[in-house]
Amino acid sequence: MNFENKLEVCRKTRQVAIDSLVVTLEELLGNDNPISEVTLRNKWLNELRNNPDIFPDGWYIPPPNGIEMLFFTEEDVSRISAKSIRPPEFWPRDDIYLDRHKGLISLFAGPVDKTTGIIGDFGLTLYFGDDPSIIKHLQLCYRMTQKIADLIKVGMKFSDIYKEAKILLNKNGLISDLSSPTDPAGTNIGHTIPWSYEEMNGAERETHRLAETNWEQFKDMISRKRRFISQIEDLTIVPNMAFTIEPRPQNPYDPSIPMVWFHLIVLIHSNGHKEILAGFDEIFKIALTPKAFSLNSIFLGLIKTFF
């Protein structure tokens, strides 16, 4: 498979995550039944598993099944402010329920294409309330994430992207300092999509071949294969490459404002053209209450403008 086709696999695999989330939200939000973190996680997982082209679980484990699902409210953002979602206390729980009037959700899935091992990560923060300060923070974080993606060019080093992003965030009163134990730098704002710009070696192909029976080894191989957009990574952006842009900006001066995020994937095509994968607009239209939708109209307009 040529590299351009691998980029298309990445796009399609990410779209599987988006489409399955749309189905999940339409069903669960279409009635008044309580929705727990586990309920939403399980429904999304089942929808993902309906697609025969991807493995049954995502690669980012823990949390279980490779799905992040954190509920919290505008009154208590401590659950989303952790440095890492790996510890068990941040796994989906069946006793934490979505507040449809002032709640937030941070979610993520990392589906993996069976044929190539290419991942199609997708994640974002959803807000169901109408607090203007939180809406403004969401808008700002989206703009900052988009601006980081906009500045990327072929020939840049990952460390240069990280430095530019840090300057941009700091100028806007934000930091992004999520802990990443698999990253030598300790923190980053994104990573490569493994094998988007290189071929598997012999040992990797064998691990991939046995993935269905030894998922632990395969998902760990994906994790280790990533190279991170960090202050120490000198990998240079080249054509036929895919990588994520996923800062989790926080306001260091106001602990009542939650850490939020909007996960993007950047594709660098064979001719050097840059393409940014988002896919948030349909999800916002489903998830937002009429009042919040009205207050977020500028936010939705930004998404349509950029994409």
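Basis of the calculations
- Residues numbered from 1 in each chain as written.
- Predicted model: local features only at pLDDT ≥ 70, side-chain atom pairs only at ≥ 80, totals over all residues.
- Heavy atoms only, no water.
- Pairing = 2+ DSSP bridges.
- Helix = DSSP H or I, 4+ residues; strand = E, 2+ residues; numbered from the N terminus.
- Axes fitted to C-alpha atoms, helices over the stretch in contact; angles between N-to-C directions.
- Contact = heavy atoms within 4.5 Å.
- Buried < 20%, exposed > 50% of the residue type's maximum accessible area, 1.4 Å probe, protein only.
- pLDDT = per-residue confidence, 0-100.
- Lys, Arg positive; Asp, Glu negative; His and termini not counted.
- Salt bridge = Lys/Arg side-chain N within 4 Å of Asp/Glu carboxyl O.
- Polar contact = N/O pair within 3.5 Å; in protein donor to acceptor, adjacent residues only side chain to side chain.

### Topic: the sheet that holds strand β4 (residues 241-245)
Okay, step 1: The strand order across the open sheet formed by three strands is β4-β5-β6, and the pairing between neighbours is antiparallel. What marks the edges here is a single partner per strand, and that holds for β4 and β6 (274-277). Neighbour-to-neighbour, the strand axes of this sheet turn through a mean angle of 20 degrees, independent of strand direction.
Okay, step 2: With four bridges connecting them, strand β5 (residues 264-268) and β6 associate as antiparallel partners. Bridge pairing in β6 places Ile-265 opposite Leu-277.
Okay, step 3: Relative to the sheet, helix α3 (residues 132-150) contacts β4, β5 and β6, its axis offset from that of β6 by approximately 160 degrees.

### Section: the pairing of strand β3 (residues 122-127)
Okay, step 1: The buried fraction of β3 is high, at six of six residues.
Okay, step 2: Burial along β3 is two-sided: the residues Phe-122, Leu-124 and Leu-126 and Gly-123, Thr-125 and Tyr-127 are all buried.

### What about the confidence of the model for the chain?
When pLDDT drops low, the exact placement of atoms in the prediction is not to be read closely.
Okay, step 1: Residues with a pLDDT of 70 or more make up 91% of the chain, whose mean pLDDT is 91.
Okay, step 2: Within the model, the stretch residues 289-307 combines pLDDT values under 50 with 36 contacts to residues more than four positions away or in other chains.

### Details of unusual backbone geometry
Okay, step 1: Cis rather than trans, the peptide bond between Ile-61 and Pro-62 has omega equal to -5 degrees.
Okay, step 2: Positionally, Pro-62 belongs in the loop between α2 (37-49) and β1 (67-73).
Okay, step 3: A cis amide bond links Pro-62 to the next residue, Pro-63, at an omega of 10 degrees.
Okay, step 4: Structurally, the position occupied by Pro-63 is in the loop between α2 and β1.
Okay, step 5: Located in the positive-phi region is Asn-240, a residue other than glycine, with phi close to 65 degrees.
Okay, step 6: Relative to the elements of secondary structure, Asn-240 occurs in the loop between α6 (215-225) and β4.
Okay, step 7: Residue classification places Asn-240 among the buried positions, given a relative accessible area of 18%.

### Some details on the side chain of Glu-246
Okay, step 1: When you line up the elements, Glu-246 lands in the loop between β4 and β5.
Okay, step 2: For Glu-246, which is buried and forms no salt bridge, the nearest opposite charge comes from Arg-248, at a distance of 5.3 Å.
Okay, step 3: At a separation of 3.3 Å, a polar atom in the side chain of Glu-246 contacts the side chain of His-191.
Okay, step 4: Once you skip the residues sitting within four places of it in the chain, Glu-246 turns out to touch Ile-189, Gly-190, His-191, Trp-261 and His-263.

### Description of the pattern of salt bridges
Okay, step 1: Counted under the stated rule, the structure contains 17 salt bridges.
Okay, step 2: A salt bridge links Glu-206 to Arg-209; the nearest nitrogen and oxygen atoms lie 2.7 Å apart. Of this pair, Glu-206 and Arg-209 are both found in helix α5 (residues 202-209), three residues apart, which corresponds to roughly one turn of the helix.
Okay, step 3: When its relative accessible area of 36% is taken as the criterion, Glu-206 is described as partly exposed.

### With respect to the sheet that holds β3
Okay, step 1: A sheet is described by the order of its strands in space; here three strands give the open sequence β1-β2-β3, paired in antiparallel fashion. Here the strands that pair on one side only, and so sit at the sheet edges, are β1 and β3. For this sheet, the mean angle separating the axes of adjacent strands, direction not counted, is 5 degrees.
Okay, step 2: In the sheet, β1 pairs with strand β2 (residues 103-109) via seven bridges, with the strands oriented antiparallel. Residue pairing in the sheet places Thr-73 in a bridge with Gly-103 of β2.

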